[in-house]
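These are the residues of each chain, in order.
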Amino acid sequence: MVVSTQRKEGPVGEEAAEAGIRISDAATRAGVSARTLRYYEELGLLTPSLYTAGGERRYTTDDLAHLQRILELRQVLGMNLDEIREFLALETRLDELRASYRAAKGATTKKARAEQKATLQEALVLNESLAQQITAKLARMDGFRTKLLHDAQRCRELLDELT
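Residues numbered from 1 in each chain as written. Predicted model: local features only at pLDDT ≥ 70, side-chain atom pairs only at ≥ 80, totals over all residues. Heavy atoms only, no water.

Participant: Sorry if this is basic, but what is going on with the pattern of salt bridges here?
Facilitator: Pairs may arise between side chains of opposite charge once their charged atoms sit close together. Here the structure, examined in full by the defined rule, presents 15 salt bridges. The salt bridge involving glutamate 83 is made with lysine 137; its shortest N-O contact spans 3.0 Å. Highlighted residues: glutamate 83 in helix α5 (residues 81–104) and lysine 137 in helix α6 (residues 110–162), separated in sequence by 54 residues. On the basis of relative accessibility, which here comes to 23%, the residue glutamate 83 falls in the partly exposed class. The exposure class of lysine 137 is buried, given its relative accessible area of 10%. (Salt bridge = Lys/Arg side-chain N within 4 Å of Asp/Glu carboxyl O. Helix = DSSP H or I, 4+ residues; strand = E, 2+ residues; numbered from the N terminus. Buried < 20%, exposed > 50% of the residue type's maximum accessible area, 1.4 Å probe, protein only.)

Here it is, written out as structure tokens:
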């Protein structure tokens, strides 16, 4: 889809919202640099939904939500970009499975029920895989926290010896 490169003055209307926002505005809203957004695009993590006739990136509300998910995985869970790519790919597949399951819901043929079962089995495996990734990450974080607490306790003991 090609959108106009003209900027609308005044309050953002529905038409402007459909046209997406500039990279600088998207970056500001997310608290990152425009370079970060371009880098995420290079890595295939984030692709703007829209471009102007002149080739300017335009980000939609869905794009910004996807960016927030990337930042959440990076900042909250401490995932690296490769882990994020894999995690997002699995989440995308789960969305596809969810849509497939809903589309076949209510079907009563033996074949349809077998397809639903296969869909649910795949979704189960993917959900468990995502949960295992988070569990492993949390275990590493907990080990790091435990070491820090042990070191802090050792500092307290040494301080007590000095008094």
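Participant: Looking at this model, I keep getting lost on the environment of leucine 64. Mind explaining?
Facilitator: Note that leucine 64 resides in helix α4 (residues 61–75). Residue leucine 64 is classed as buried on the basis of its relative accessible area, which comes to 14%. Setting aside residues no more than four positions away along its own chain, leucine 64 makes contact with Ile21, Ala26, Arg29 and Tyr59. (Contact = heavy atoms within 4.5 Å.)

Participant: Looking at this structure, I do not really get the confidence of the model for the protein chain. What am I missing?
Facilitator: The predicted coordinates should not be examined in detail at positions where pLDDT is low. Considering every residue of the protein chain, the mean pLDDT works out to 88; 89% of them sit at 70 or more. In this model, residues 1–17 is a region of pLDDT below 50 whose contacts with residues beyond four sequence positions or in other chains number 21 contacts. (pLDDT = per-residue confidence, 0-100.)

Participant: Help me understand α4, please; the structure alone is not making it clear to me.
Facilitator: In an α-helix there are 3.6 residues to a turn, and that puts residues three or four apart on one side. In this model α4 runs 21 Å from its N-terminal to its C-terminal C-alpha over 15 residues, within 8% of the 21 Å that 1.5 Å per residue would give. Listed in full, the buried residues belonging to α4 are Asp63, Leu64, Leu67, Ile70, Leu71 and Leu73. Contacts from the buried residues of α4 go to α2 (23–30), α3 (34–43), β3 (57–58) and α5. (Expected span 1.5 Å × (residues − 1).)

Participant: Would you mind going over α5 with me for this structure?
Facilitator: Here α5 is 24 residues long and its end C-alpha atoms lie 35 Å apart, about the 34 Å a rise of 1.5 Å per residue gives. Within α5, the full set of buried residues consists of Ile84, Phe87, Leu88, Leu90, Leu94 and Leu97. Buried residues belonging to α5 abut α4 and α6. Backbone geometry just after α5 places glycine 106 at a positive phi near 95°.

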